[in-house]
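Overview (structure and organization)
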Amino acid sequence: MHNVCLTLLRRAIAPLAAALLIALPYGCARAPEQVYKTQFFTLGTVVDVSLWGVDNQRAADAVKTVENVLNEVHRRWHAWEPSELTRINAGLAAGQAVTISEDESQVLQQAKSLAEQSEELFNPAIGKLIGLWGFHSSDVPKGPPPPQADIDRLLAAQASMADLTIDATTIRSRNPAVEIDLGAVAKGYGVDLAIDALRKMGIRNAIVNAGGGLHAIGKHGNRPWRIGIREPTHASGIIASVNLRDDEAVHTSGNYERFYDYQGRRYHHIIDPRSGYPSSTAISATVIHRDGALADAAATAIMIAGPQKWTEVARRMGVSQVMMIGADKKVYMTPAMAQRIHFEISPAPEVVTSEPL
Amino acid sequence: MRRADYIVLIFALVLLPVLYGTYWTRSAPGQAVRIIDATGEETIVPLTQDRHLEIKGPLGVSVIEIHDGAVRFVSSPCSGKLCVHAGWLRNGNDFTACLPNRVSIAVVGGTEGYDSINF
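Since the model is a prediction, treat every value here as computed from it, not as a measurement.

1. Re the pairing of strand S3 (residues 51-56) of chain B
All names here are of chain B.
- Two strands pair when backbone bridges link them, and S3 and strand S4 (residues 61-67) are joined in this way by six bridges, in the antiparallel orientation. Across the sheet, the residue bridging to Leu53 is Ile64, located in S4.
- The turn joining S3 and S4, which pair antiparallel and follow one another in sequence, is formed by four residues; a positive phi near 150 degrees is taken by Gly60.

2. Side note on the interface of chain A and chain B
- Each partner contributes to the interface: chain A provides 37 residues, whereas chain B provides 31 residues.
- When contributions to the side of chain A that touches chain B are tallied by element, the ones reaching two or more residues are helix H1 (2-29), strand S1 (35-42), strand S2 (45-52), strand S6 (206-210), strand S8 (226-230) and strand S10 (248-254) of chain A.
- When residues of the side of chain A that touches chain B are assigned to their parent elements, the largest contribution, seven residues, is made by H1 of chain A.
- Classifying every residue of the side of chain A that touches chain B by side-chain character gives 17 nonpolar, 13 polar and seven charged.
- In this structure, S8 of chain A lies alongside strand S8 (residues 116-118) of chain B, joined through three bridges in parallel fashion. Opposite Gly228 of chain A, over in S8 of chain B, you have Ile117 of chain B as the bridge partner.

3. Observations concerning the pairing of S6 of chain A
Residue and element names in this part refer to chain A.
- Counting buried residues along S6, five of its five residues qualify, which places the element largely inside the surrounding structure.
- Because side chains alternate across S6, one face comprises the buried residues Ala206, Val208 and Ala210, and the other comprises Ile207 and Asn209, equally buried.
- Summarising the sheet, S2 and S6 pair through five bridges and their orientation is antiparallel. Within S6, the residue paired with Val49 across the bridge is Val208.
- If you look at the hairpin formed by S6 and strand S7 (residues 213-217), you'll find two residues sitting between the two strands, and Gly211 has a positive phi there, around 70 degrees.

4. Details of the packing of helix H4 (residues 102-117) of chain A against helix H8 (residues 292-317) of chain A
All names here are of chain A.
- Two elements in contact, H4 and H8, have axes whose closest approach is 10 Å; the angle formed by their N-to-C orientations is 10 degrees. As the angle between them shows, H4 and H8 are arranged roughly parallel. On H8, the residues that touch Gln110, Leu114 and Gln117 of H4 are Ala293, Leu294, Ala297, Arg316 and Met317.
- Looking at the contact of H4 with H8 residue by residue, the classes come out as five nonpolar, two polar and one charged.

5. Quick word on the confidence of the model for chain B
- Confidence in the prediction for chain B averages 83 pLDDT; 89% of positions are at 70 or higher.
- Two summary scores accompany this predicted model of the complex, namely pTM at 0.76 and ipTM at 0.78.

6. Observations concerning the sheet that holds strand S5 (residues 170-173) of chain A
All names here are of chain A.
- Spatially, the three strands line up as an open sheet ordered S3-S5-S4, and their pairing is antiparallel. Each end of this open sheet is capped by a strand with a single partner; those strands are strand S3 (98-99) and strand S4 (164-166).
- With three bridges joining them, S4 and S5 adopt antiparallel strand pairing. Bridge pairing in S5 places Ile166 opposite Ile171.

7. Some thoughts on the confidence of the model for chain A
- With 90% of its residues at a pLDDT of 70 or more, chain A has an overall mean of 90.
- The low-confidence segment residues 25-32 of chain A (pLDDT under 50) makes three contacts with residues lying over four places distant or belonging to another chain.

8. Things to note about the sheet that holds S10 of chain A
All names here are of chain A.
- Strand order in the open sheet made by the nine strands is S1-S2-S6-S7-S10-S13-S14-S15-S17, with mixed pairing throughout. Lying at the two open borders of the sheet, with one neighbouring strand each, are S1 and strand S17 (351-353). Within the sheet, the average angular offset between the axes of one strand and its neighbour, ignoring direction, is 15 degrees.
- Where S6 and S7 come together, five bridges link them in antiparallel fashion. What sits directly across from Val208, in S7, is His215.

9. Looking at unusual backbone geometry
All names here are of chain A.
- A cis geometry characterises the amide bond from Gly143 onward to Pro144, with omega recorded as 0 degrees.
- Along the chain, the position of Pro144 falls in the loop between helix H5 (127-132) and helix H6 (148-156).
- In the Ramachandran plot, Glu120 falls in the positive-phi region, its phi being about 65 degrees despite a non-glycine side chain.
- Its location among the elements puts Glu120 in the loop between H4 and H5.
- Assessed through the 20 C-beta atoms surrounding it within 10 Å, Glu120 is described here as buried.
- Positive phi values are uncommon outside glycine, yet Gln263 reaches one of about 45 degrees.
- In this structure, Gln263 sits in the loop between strand S11 (259-262) and strand S12 (265-268).

10. Describing helix H2 (residues 56-77) of chain A
All names here are of chain A.
- Taking 1.5 Å of rise per residue, the 22 residues of H2 would be expected to cover 32 Å, and the 31 Å separating its terminal C-alpha atoms lies within 8% of that figure.
- Turning to H2, its buried residues number three or more, namely Ala59, Ala62, Val63, Val66, Val69, Leu70, Val73 and Trp77. Each buried residue of H2 sits inside an arc of 125 degrees when the element is viewed along its axis, so together they form one side. Those residues of H2 that are exposed and aimed more than 90 degrees away from the buried face are Gln57 and Lys64.
- Turning to H2, the residues buried within the fold contact S1, S2, helix H3 (84-93), helix H7 (186-200) and S6.

What counts, and where the lines are drawn
Residues numbered from 1 in each chain as written. Chains lettered and ligands numbered in written order. Predicted model: local features only at pLDDT ≥ 70, side-chain atom pairs only at ≥ 80, totals over all residues. Pairing = 2+ DSSP bridges. Helix = DSSP H or I, 4+ residues; strand = E, 2+ residues; numbered from the N terminus. Contact = placed C-beta atoms within 7 Å. Nonpolar A, V, L, I, M, F, W, Y, C, P; charged D, E, K, R; others polar. Buried ≥ 20, exposed ≤ 12 C-beta atoms within 10 Å, placed from the backbone. Axes fitted to C-alpha atoms, helices over the stretch in contact; angles between N-to-C directions. Parallel < 35°, antiparallel > 145°, perpendicular 65-115°, else oblique. pLDDT = per-residue confidence, 0-100. Expected span 1.5 Å × (residues − 1). Arc of directions from axis to C-beta.

See the structure below:
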């Protein structure tokens, strides 16, 4: 009797187990919802949009909306092509009070307060210096670096956001050397605006990625969005991955985004406002925060601050999730970042974890 | 062992590499390249056939080569040549672009391990 039962059981188990094993992976893969992914060019970079669980028609509308929002940011805030910003800069240089919209006022005020929090390491008033280095051009400059005398002259003028008086409708400058360049926050600000627009359309699960900066909401089906952070010393490859929570922006500033080599030295576009030269103590900095404009500005400030000073800048700016790759190739992280980062290279790099921020 | 046991065993052994391939391998070789040009037009070209492609952009023509399951920029009318220096791309999610000429190439297919890449 016992034996018969066992045989029956065995006979039943074999096909059942086989069927289960086969069905399992397919069952998971055949979720009715899908990711919709597309790419386009704007803000001088490639933007990719990922949407989860949205039908194709709505997805196409959503992507169009993102494109319109980012194109509008480009039209308003472009640092050298004719834009609202170049109009403002021309007025400021001429010593005039310039009329601005309320939206523009908010953006400029946020840039001013971020500059102050970063102890002016994020300094969007040094547009003239960035232009002097040749980075106010769609094409990468060839060098040589600008003459030291020209750099010294601009440093002596001490252009700072603190020179600006900004109210709801006008902006004034007491320093004619100020030229605003929002290159280090515009992406963060634009991507956040795009995410807001998607939310208003009722989209709950999305990533908008504009190269060095992205913002994610919701999830990829029943798992979190998973993003890769590019390895900064090579042209391709992933150094680490991280699973994102709902409503998080990830911004990276790096010396590999825009640069030229001249006589064996690399000159990149992130200018240290203290020296007037491209920053040299870090290769890249990545910041995760809900506020993309803050994360973007903080990534720039932290990259300029380098291994000696980065924790102080991060604390002052109120960012607790930071990863910086030093010029010494060590990876500097806050404990909050170290907890969630997963290295994708082997051997894993040497990590220096800071005090909790 | 009875016949059913063998069947289970064989199923398990057959399934093992499938599961491994599905869940463990990352950056598997890609099957195709997605090329996006300045007008936003998307072209998907398989990596299985060796060929040269000429993509027009605002600065001129970017030349893309597909060879032996990989893809690269051979030349592009930009000054930085970052796209050309990126070299051969062959794994799912590998990506490079000539921003001045507004041409991007992304390897698709294979196991796309990431939803998005921050760089």
